[in-house]
Amino acid sequence: EIAADFVSTDITVAGGTLSNFASTSGTVYTASFTPDVSSTTGATIDVASSTFTDAAGNDNSAATQLTMTVDTALPTVTDNNLSLSGASGTNGEYIVGDTLTATWNNTAGGDNNADISTVTIDFSAFGGSGSVSASNNASTWAATLMITEDGGGVIEAANLNFSATVTDSSGNVSTVADSTNATLDNHSPGSASGTFSVAESAINDSSVGTVSALDG
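Calculation rules
- Residues numbered from 1 in each chain as written.
- Predicted model: local features only at pLDDT ≥ 70, side-chain atom pairs only at ≥ 80, totals over all residues.
- Heavy atoms only, no water.
- Phe/Tyr/Trp six-rings, centres within 6.5 Å; stacked < 30°, edge-to-face > 60°.
- Helix = DSSP H or I, 4+ residues; strand = E, 2+ residues; numbered from the N terminus.
- Buried < 20%, exposed > 50% of the residue type's maximum accessible area, 1.4 Å probe, protein only.
- Pairing = 2+ DSSP bridges.
- Axes fitted to C-alpha atoms, helices over the stretch in contact; angles between N-to-C directions.
- Core = buried A, V, L, I, M, F, W, Y, C linked by side-chain atoms within 4.5 Å.
- Contact = heavy atoms within 4.5 Å.
- 1 Å grid on protein atoms, 1.4 Å probe; cavity = no way out; pocket = protein on both sides within 12 Å on 5 of 7 lines; lining within 4 Å.
- Points joined across faces, edges and corners; volume = space filled by probe spheres on them.
- Nonpolar A, V, L, I, M, F, W, Y, C, P; charged D, E, K, R; others polar.

Novice: Just checking my understanding: could you explain the packing of aromatic side chains for this structure?
Specialist: Centre distance and the angle of the planes are the two values used to describe a pair of aromatic rings. Going through the model one piece at a time under the given rule, you end up with five aromatic pairs. Pairing F6 with Y29 gives two aromatic rings, centres 4.8 Å apart and planes at 85°, and the pair type is edge-to-face. Of this pair, F6 sits in the segment before β1 (11-14) while Y29 sits in strand β3 (residues 29-35), placing them 23 residues apart in sequence. Note on Y29: relative accessible area 24%, which makes it partly exposed. A ring pair is formed by Y94 and F126, whose centres lie 6.5 Å apart and whose planes are at 75°; its orientation type is edge-to-face. With Y94 in strand β7 (residues 94-95) and F126 in the loop between β9 (116-122) and β10 (132-133), this pair connects stretches of sequence that are 32 residues apart. Overall, the relative accessible area of 4% leaves Y94 in the buried class. What makes F126 buried here is its relative accessible area of 2%. One aromatic cluster is present, formed by F6, F21, Y29 and F52 through successive ring pairs.

Below, the structure is given as structure tokens:
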């Protein structure tokens, strides 16, 4: 039968909201469902009996409940569980030849997410790619970058950080930057060059002069 007075308020929704309710005919209605934010609680949609009538005044029967699995919770990624290692330069600087290892601890002692599918690392601050795939070893995810001479351009800077983008099996994404504040110098000094001038000392027969080292 064609409904005479079916409206959106006749629908009971749990775990989300309905919008864009519309009728395409007297028997077909459409609406958009939006699940609750940061939720893993299943959603339901119901139409109870006797909520609307047909043209003759007959009440409707209850609809079969619609159930949906919901996962809109973002992966938990915390700065405390992000780390950077591999520096061999003075005072912990990263220099040419070093291999940076960016690590995210997702073990039971770390962020402990259960359903992670991919992790990528943004090394662009260090002259690397903005999206390097990390590998998973017993819930510890890691990616590496080799520092090369002037790789990504000359970088002689401090307070550099990477970021991790974590995607779970439902497609929820979290991107978090670490706070290592690393220092990088990927530009090596050149060979010494210049002139050496010699002057004889009449006092003690010694020679004196200067040499200049230029950055190549």
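Novice: Any chance you could explain the sheet that holds strand β4 (residues 43-47) here in plain terms?
Specialist: Note on sheets: strands pair through backbone hydrogen bonds, and any given pair is parallel or antiparallel. Pairing is antiparallel in the open sheet, where three strands are placed in the order β1-β4-β5. Of all strands in the sheet, those bounded by a partner on one side alone are β1 and β5 (66-68). Each adjacent strand pair in this sheet contributes to an overall mean axis angle of 10°, direction not counted. Summarising the sheet, β1 and β4 pair through four bridges and their orientation is antiparallel. The residue bridging T12 from the neighbouring strand is D46, located in β4.

Novice: Explain unusual backbone geometry to me, please; I cannot follow it from the model alone.
Specialist: Generally, phi is negative for residues other than glycine and the peptide bonds are trans, each holding for most cases. Despite not being glycine, S38 has its phi angle at roughly 55°, a positive value. Owing to a relative accessible area of 53%, S38 belongs among the exposed residues under this scheme. Of note in this structure, S139 is not a glycine but carries a positive phi near 75°. On the basis of relative accessibility, which here comes to 29%, the residue S139 falls in the partly exposed class.

Novice: Looking at this model, I keep getting lost on the sheet that holds β10. Mind explaining?
Specialist: Strand order across the open sheet formed by four strands is β10-β9-β14-β15, with antiparallel pairing between neighbours. Each edge of the sheet is formed by a strand with only one pairing partner; in this case those strands are β10 and β15 (173-177). Examined bridge by bridge, strand β14 (residues 163-168) and β15 share five bridges and lie antiparallel to one another. Within β15, the residue paired with A164 across the bridge is V176.

Novice: Looking at this structure, how should I read the nonpolar core?
Specialist: Looking at soluble globular proteins, one finds that nonpolar side chains tend to be buried together. Counting 25 residues, the largest nonpolar core has I121, F123 and F126 as the members making the most contacts within it. Counting only elements with at least two residues in this core, the list comes to β6 (82-85), β8 (99-105), β9, β12 (140-146), β14 and β16 (182-185). The residues touching F123, leaving out its near neighbours within four places in the chain, are L100, A102, G128, S129, G130, V132, A143, T144, L145 and F162. Ranked by size, the runner-up nonpolar core spans six residues in total, among them A3, F6, I11 and F52.

Novice: Would you take a moment to explain the layout of surface pockets for this structure?
Specialist: Once rolled over the atoms, a probe with the size of a water molecule shows which space is left empty. Approximately 320 Å³ is the volume attributed to the largest pocket. Taken together, 17 residues line the largest pocket, and the ones lying closest to its centre are F6, I11, Y29, I45 and V47. Of all the elements in the fold, those that place two or more residues in the lining of the largest pocket are β2 (16-23), β3 and β4. The element best represented in the lining of the largest pocket is β3, accounting for four residues. Grouping the amino acids of the lining of the largest pocket by side-chain chemistry returns twelve nonpolar, four polar and one charged.

Novice: Looking at this structure, how should I read the environment of G152?
Specialist: Mapped onto the elements, G152 comes out in the loop between β12 and β13 (156-160). When the C-alpha atoms of G152 and A125 are compared, they prove to be 9.1 Å apart, with 27 residues separating the residues in sequence.

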